[in-house]
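What follows is each chain in one-letter form.
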Amino acid sequence: MQLFAFGINHNTAPLDVREQVTFPENTMEHALRDLVGRNQIKEAAIVSTCNRTEVYCCTERPEDAVIWLADFHHLQTRELEPYIYKLPREQAVKHAFRVASGLDSMVLGEPQILGQLKNAIKSAEHAGTLGLLLHKLFQRTFYVAKEVRTSTEIGTSSVSMAAAAARLAERIFGDISEQRILFIGAGEMIELCANHFAARSPKKITVANRTTERAEALANRFSAQAITLSELPEQLALHDIVVTCTASPLPILGKGMVERAIKIRKHRPIFIVDLAVPRDVESEVSELDDVFLYYVDDLSEIVKEGLDSRLNAVTQAETIIDSNVVDFMRWFATREMVPTIRALRDQGERYRRHELARATKLLEKGEDPKKVIEALSNSLTNKFLHVPSNALNQAAANEREELVELINRLYQLHRPQ
């Protein structure tokens, strides 16, 4: 079994590819059990966000896990191969540390990824696919992320996706205090966006969600109106800014709905930010006049603002990460030796029991205890030394010197001068 991680992210795959391999929260545990149940995989955890889908596993056959990802999403492996990165052993460890520390995010240093990783581990625990290796890996991952964030300024001056959406709206409308804003969804990202937009005192805020309870809970915080998704066709035209981020597997805003809203608005522009993966807004909407549509990848330039001031923090963070990778791989190496150590001790125990049984019988027959103990010690010594002695005697010329050095090291011998 080896530690292996693979996946796609915003650096390797465009949005239209990433959205094909996402794992909604309600399917995560089923996917994990399916992965472990159908393949030679002992442990598994899946991280699925708007910017990445990654699988961490312990397996003898890494390629089977890659094939599974494509099969689970009804894709051909060849369709995903150009976008997938594959990370064995210490590469997987370093990647996990970098992801948790915010070094591999679109928003450098963003803190949300750490919570997303913790949710992924909870799902693996509930699914029963989190074993000793991955548990140890992610416990160390969370420790490293905390150390990076407390010891460096990696998060200083970072521009979150939520803040970027608000800044982009200001670039289009100037002052948004006269704009009406519609939030679609009621999850963490929408809550973060609502905080940024509400701070700019918009004219009106509306929250639309599948369940009215969650919509009302968020709306109450911002003195907003709560509606259901079924009301969107009538409500869309009443808003100037739309920010959407749901877990819907299918688009919520289609070209027809937006087109009707534009006509009702008499072609007054509407600004839409879609932060969902898969996308909430059909791509054809971008073809409409008077619509400013931005997807999550379109905000990348804005979130890079302030990057220069954080480059020194990145260097410090990488040093912390590299040190912890070494420590973790040292622990991992000792785990790999466990089966061999156990087998060696089991063999020694068999020798001991055999000789003890024979000595006990001799004592029961009345044999001299001193002679019995002497025979037992000689027999154990011969058995323990037989294998290395035999290996030395039968060693080929080209391997003898190396074997002698190894035995000297194992038995802490000093060769005669």
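Quick caveat, the model's predicted, so the values are computed rather than measured.

Conventions we followed
Residues numbered from 1 in each chain as written. Predicted model: local features only at pLDDT ≥ 70, side-chain atom pairs only at ≥ 80, totals over all residues. Heavy atoms only, no water. Buried < 20%, exposed > 50% of the residue type's maximum accessible area, 1.4 Å probe, protein only. Helix = DSSP H or I, 4+ residues; strand = E, 2+ residues; numbered from the N terminus. Arc of directions from axis to C-beta. Contact = heavy atoms within 4.5 Å. Patch = residues over 30% accessible without salt bridge, like charges linked within 9 Å, V, L, I, M, F, W, Y side chains within 5 Å. Areas by Shrake-Rupley, 256 points an atom, 1.4 Å probe, with all protein chains shown as cover. Salt bridge = Lys/Arg side-chain N within 4 Å of Asp/Glu carboxyl O. Pairing = 2+ DSSP bridges. Axes fitted to C-alpha atoms, helices over the stretch in contact; angles between N-to-C directions. Domains from an automatic or database assignment. UniProt positions renumbered as here; feature names shortened; annotations may be inferred. Parallel < 35°, antiparallel > 145°, perpendicular 65-115°, else oblique. Left-handed = near helix turned anticlockwise from the far one by under 90°. Nonpolar A, V, L, I, M, F, W, Y, C, P; charged D, E, K, R; others polar. Expected span 1.5 Å × (residues − 1).

Caption draft 1: Up close: helix 10 (residues 212-221). What helix 10 keeps buried is the set A215, L218 and A219. Projected down its long axis, helix 10 carries its buried residues within an arc of 100 degrees, all on one side. Looking at helix 10, the residues exposed on the side facing more than 90 degrees away from the buried face are E213 and N220. Tucked into the core, helix 10 has its buried residues touching helix 9 (188-198), strand 6 (204-209) and strand 7 (225-228). Taken from the residues just after helix 10, S223 is the one with a positive phi, measuring 50 degrees.

Caption draft 2: Representation of a nonpolar patch on the surface in the model. On the surface, F384, L385, L406, L410, Y411 and L413 cluster together into a nonpolar patch covering about 580 Å² of accessible area. Of all the secondary structure elements, the ones that give two or more residues to the nonpolar patch are helix 15 (369-394) and helix 16 (397-410). Tracing the backbone through its elements, the reader meets L413 in the segment after helix 16. Among the residues examined, L413 registers a relative accessible area of 44% and is labelled partly exposed.

Caption draft 3: Expanded view of the sheet that holds strand 1 (residues 2-9). If you trace the four strands from one edge of the open sheet to the other, you get 2-3-1-4, paired in antiparallel fashion. Both edges of this open sheet fall to strand 2 (41-48) and strand 4 (85-88), since each of them pairs with a single strand only. Taking the axes of each pair of neighbouring strands and ignoring which way they run, one obtains an average angle of 15 degrees across the sheet. Across the sheet, helix 2 (residues 28-38) touches strand 2 and strand 3 (52-59), and the angle it forms with strand 2 is around 150 degrees. Strand contacts of helix 6 (residues 112-127): strand 2 and strand 3, with the helix running at about 145 degrees to strand 2, the strand carrying the most contacts.

Caption draft 4: Broad picture of the domain arrangement of the chain. Per the domain assignment, the segments making up the chain are domain 1 (2-157 + 310-333), domain 2 (161-300) and domain 3 (368-411). Of note, the centres of domain 2 and domain 3, computed from C-alpha atoms alone, are 77 Å apart.

Caption draft 5: Expanded view of the UniProt feature "binding site: substrate" (unreviewed entry) in the chain. In this numbering, the UniProt entry assigns the feature "binding site: substrate" (unreviewed entry) to T49, C50, N51, R52, S105, E110, P111, Q112 and Q116. On the secondary structure map, R52 appears in strand 3. Relative accessible area serves as the criterion here: at 2%, R52 is assigned to the buried category. In this structure R52 touches I8, N9, H10, V47, Y85, H95, V99, D104, S105 and I113, once residues within four positions along its chain are discounted. Topologically, S105 is positioned in the loop between helix 5 (89-100) and helix 6. Discounting chain neighbours no more than four positions away, the residues touching S105 are H10, R52, E110 and I113.

Caption draft 6: Representation of the packing of helix 8 (residues 161-173) against helix 9 in the model. The geometry of helix 8 relative to helix 9 is characterised by a closest axis approach of 8 Å and an angle of 45 degrees between their N-to-C directions. Classified by the angle their axes make, helix 8 and helix 9 are oblique. Crossing geometry of helix 8 relative to helix 9 is assigned as right-handed. For the pair helix 8 and helix 9, the contacting residues are M161, A162, A163, A165, A166 and A169 in the first and M189, L192, C193, H196 and F197 in the second. The residue makeup of the contact of helix 8 with helix 9, split by class, is 10 nonpolar, one polar and no charged.

Caption draft 7: Broad picture of helix 16. Helix length check: helix 16 (14 residues) gives 20 Å between terminal C-alpha atoms against 20 Å at 1.5 Å per residue, within 8%. Two residues or fewer after helix 16 comes Q412, characterised by a positive phi angle close to 55 degrees.

Caption draft 8: Just unusual backbone geometry, in detail. Cis geometry marks the peptide bond from V277 to P278, where omega comes out at 5 degrees. You can see P278 is positioned in the loop between strand 9 (270-274) and strand 10 (291-295). Of note, the phi angle at S223 is positive, near 50 degrees, even though the residue is not glycine. Residue placement: S223 occurs in the loop between helix 10 and strand 7. Residue S223 is classed as exposed on the basis of its relative accessible area, which comes to 74%. Phi at K266 takes a positive value of approximately 55 degrees, unusual for a residue other than glycine. Along the chain, K266 falls in the loop between helix 12 (255-264) and strand 9. Residue K266 is classed as exposed on the basis of its relative accessible area of 71%.

Caption draft 9: Here's a closer look at the environment of P111. Among the structural elements, P111 can be located in the loop between helix 5 and helix 6. We classify P111 as partly exposed; its relative accessible area is 48%. Measuring from C-alpha to C-alpha, the distance between P111 and P88 comes to 26 Å, with 23 residues separating the pair along the chain.

Caption draft 10: Seen up close, the packing of helix 15 against helix 16. Packing of helix 15 against helix 16 leaves a shortest axis separation of 9 Å and a crossing angle of 160 degrees. Between helix 15 and helix 16, the crossing angle belongs to the class labelled roughly antiparallel. Like other packed secondary-structure pairs, helix 15 and helix 16 cross with a definite hand, here left-handed. Side by side, helix 15 and helix 16 meet where P388, A391 and L392 of the first sit next to R400, L403, V404 and I407 of the second.

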